[in-house]
Amino acid sequence: MKNTEVNILEDIELDNPIFIEALPGIGHVGKLAADHMIDELGATKFAELYSYHFPPQVFVDEDGLIENMTNEFYYLKSLGENERDYIILVGNSQALSPEGQYELSSFILNFIEDYGVKEMYTLGGLATGHPIEESRVFGAATDLEIIETLKELDIEIRSADGGIVGASGLLLGLGKIRNIKGACLMGETPGYFIDAEAAEAILGKLTKILNIEVNTDKLDERAEETRKMISKAQKLEQEMVNKNIGSGEDDLRYIG
């Protein structure tokens, strides 16, 4: 296996698709929103990405079956009022290291450029560290024209007091160099639990930008499934941390 490789499950042709990224991050807000989109809209998985930059572990489900650390690409065709095609990236992990983040982001951009992507939206959470009454949506973009669009939808613009860590930020930054325009939508969340309300908030804004409709009634069910997955991941990570502490090795941490 190469450091990073993709397994094509279905050969597809897309017309000027919009790319949506939502890998695990703060409150798993973006991942929760994108997983819900995939289920509700019936997206089809067409490729899987594997990498040595993912954590050195696997998941084990209730039946004892192993699930690899992976990112997954889904597609939708002729969706919404504008009849646009889409590629959606989800998964159960991000790269562990800064070097891995750069390599994976470049790999992903190379992959989606082959399908003609020129526009992208990345989804994530913005942690407050304390409870909130209602989740606001913040945004940042690659150009001022998109910033104006975000403002028209009452999306608060992310100020200069903080960056965007992980794939959601890096894909936009590296994509801008390649003339791929886009924005990051961040749902405000306490940051210490799986936040379905924040996911619903960013979905509400994203669907307006894209002129599509997504029913959000089952988001709470999706949040519970995600909580179980994250609980398993955290248990595995803690076991690795304890083992490394005992052996004197460096700790391993997630980014994003």
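Up top is the structure.
Just so it is clear, the structure is predicted and the values come from calculations on it, not from any experiment.

Rules behind the numbers
- Residues numbered from 1 in each chain as written.
- Predicted model: local features only at pLDDT ≥ 70, side-chain atom pairs only at ≥ 80, totals over all residues.
- Heavy atoms only, no water.
- Helix = DSSP H or I, 4+ residues; strand = E, 2+ residues; numbered from the N terminus.
- Buried < 20%, exposed > 50% of the residue type's maximum accessible area, 1.4 Å probe, protein only.
- Contact = heavy atoms within 4.5 Å.

Asker: Before we go on, may I ask you to explain the environment of Tyr52 in this structure?
Answerer: By secondary structure assignment, the location of Tyr52 is in the loop between β3 (44–51) and β4 (59–60). Tyr52 sits in the exposed class, given a relative accessible area of 53%. As for Tyr52 and Glu5, which are separated by 47 residues in sequence, their C-alpha atoms are 9.4 Å apart.

Asker: Sorry, what's going on with helix α4 (residues 167–177) here?
Answerer: Residues three or four positions apart in an α-helix share a direction because the helix packs 3.6 residues into each turn. Counted residue by residue, α4 has eight buried out of 11 residues, so it is predominantly covered. For α4, the secondary structure elements touched by its buried residues are β2 (18–21), α2 (98–113), β8 (119–127) and β11 (181–189). A positive phi of about 65 degrees marks Asn179, the residue just after α4.

Asker: Quick question: what am I supposed to make of the environment of Gly25 here?
Answerer: Along the chain, Gly25 turns up in the loop between β2 and α1 (29–41). When its relative accessible area of 21% is taken as the criterion, Gly25 is described as partly exposed. The sequence separation of Gly25 and Leu123 amounts to 98 residues, and the corresponding C-alpha distance is 9.2 Å.

Asker: Looking at this model, I keep getting lost on the environment of Ile38. Mind explaining?
Answerer: Note that Ile38 resides in helix α1. Once the C-alpha coordinates of Ile38 and Val214 are considered, the two residues, 176 residues apart in sequence, prove to be 9.8 Å apart. Residues within four places of Ile38 in sequence aside, it is in contact with Ala43, Tyr74, Ile88 and Val90.

Purely geometric numbers; function is a separate question.
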